[in-house]
Amino acid sequence: MALRRQGKYMMALLKYKENYTLYKENKWRCNSCGTMKSLSEYYKDISCKSGYREICKTCVSQKFKQYYLKNKMKMNIQMREWRKKNNIQWKNWFEQKYGKNPKCEVCGKLLSWKTKNRNKMVNLDHRGNKTKIIKSPSYWTWMHKCDVRNKQIFLSCNFGILCKACNRNLPTDNRKNWLKNVIKYTFGDNYADKEGNND
Ligand SMILES: [Zn+2]
Ligand SMILES: [Zn+2]
């Protein structure tokens, strides 16, 4: 053990000596890649004895990139985990609020919040209204924390519960006109007038 420590010490001393003589010639051996490079290839650093970093510029930027990539990946994984948990919280709350198997408000089909089957999934619909949540409500809940404030925002939108087919068939804009035309198409030209629904 003592020998090994001594060996390490000798190596460090030799390296120091080598670097010292090289420093006089404006050269330096990079402590990371081991390449001999001129001092201009090193960042100045007053906190180091020599006045220069022990690692060359290339190695510094490489280390920074590695650190960034490693942490970006870690952060992405953490974010994905958070979203998954948050999504489950939203779905539990939907079940409490609207029941485990709510009916499609148009055709009456039984639906589910947690299924992966698109034909049984709840589709949240804007009812043709302009709401605080403009784009897809499910994407909004995926991105927003399931807390008291966001639950209130969600409720204020009064989203409709539809099955996939009913949601797909309904147009996004001008629903009133579209419905009038469907009624006319189905029952003939004068149906809407006869019922007194002129608006
Ligand atoms: Zn290097
Ligand atoms: Zn339906």
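Peer 1: So what's going on with the overall build of the protein? Which residues, and what values?
Peer 2: Across its full length, the protein holds 7 helices and 6 strands. From first element to last, N terminus to C terminus, the protein shows the α and β order α-β-β-β-β-α-β-α-α-β-α-α-α. In terms of its C-alpha atoms, the protein occupies a principal-axis envelope of roughly 105 × 40 × 30 Å. Taken over 199 residues, the protein has a buried fraction of 9%.

Peer 1: An account of the domain arrangement of the protein is needed here, citing residue identities and associated values.
Peer 2: The domain boundaries assigned to the protein delineate domain 1 (2–65) and domain 2 (82–194). The C-alpha centroid of domain 2 is placed 64 Å from the C-alpha centroid of domain 1.

Peer 1: Please give an account of the environment of Asn181 that cites residues and values.
Peer 2: Considering the arrangement of structural elements, one finds Asn181 in helix 6 (residues 175–187). C-alpha separation for the pair Asn181 and Thr115, spaced 66 residues apart in sequence, amounts to 35 Å.

Peer 1: With reference to specific residues and values, describe the nonpolar core.
Peer 2: With 11 residues, the main nonpolar core is built from Trp90, Phe94, Cys104, Leu111, Trp113, Val122, Leu124, Phe159, Ile161, Leu162 and Cys163. Mapped onto this core, the elements with two or more residues apiece are helix 2 (57–98) and strand 6 (160–162). Excluding its chain neighbours within four sequence positions, the residues that come into contact with Phe159 are Leu124, Asp125, His126 and Pro137.

Peer 1: I'd love a proper account of the confidence of the model for the protein, names of residues and values included.
Peer 2: In the predicted model, the protein carries a mean pLDDT of 88, and the fraction of residues at 70 or more is 93%. Mean pLDDT across the elements of the protein ranges from a minimum in helix 7 (residues 191–194), with 59, to a maximum in strand 6, with 97.

Peer 1: For helix 6, give the residues involved together with the corresponding values.
Peer 2: Taking 1.5 Å as the rise per residue, helix 6 with 13 residues should run 18 Å; its terminal C-alpha atoms sit 18 Å apart, in good agreement. Immediately downstream of helix 6, the backbone of Gly188 shows phi near 100 degrees, a positive value.

Rules behind the numbers
Residues numbered from 1 in each chain as written. Chains lettered and ligands numbered in written order. Predicted model: local features only at pLDDT ≥ 70, side-chain atom pairs only at ≥ 80, totals over all residues. Helix = DSSP H or I, 4+ residues; strand = E, 2+ residues; numbered from the N terminus. Buried ≥ 20, exposed ≤ 12 C-beta atoms within 10 Å, placed from the backbone. Domains from an automatic or database assignment. Core = buried A, V, L, I, M, F, W, Y, C linked by C-beta atoms within 7 Å. Contact = placed C-beta atoms within 7 Å. pLDDT = per-residue confidence, 0-100. Expected span 1.5 Å × (residues − 1).

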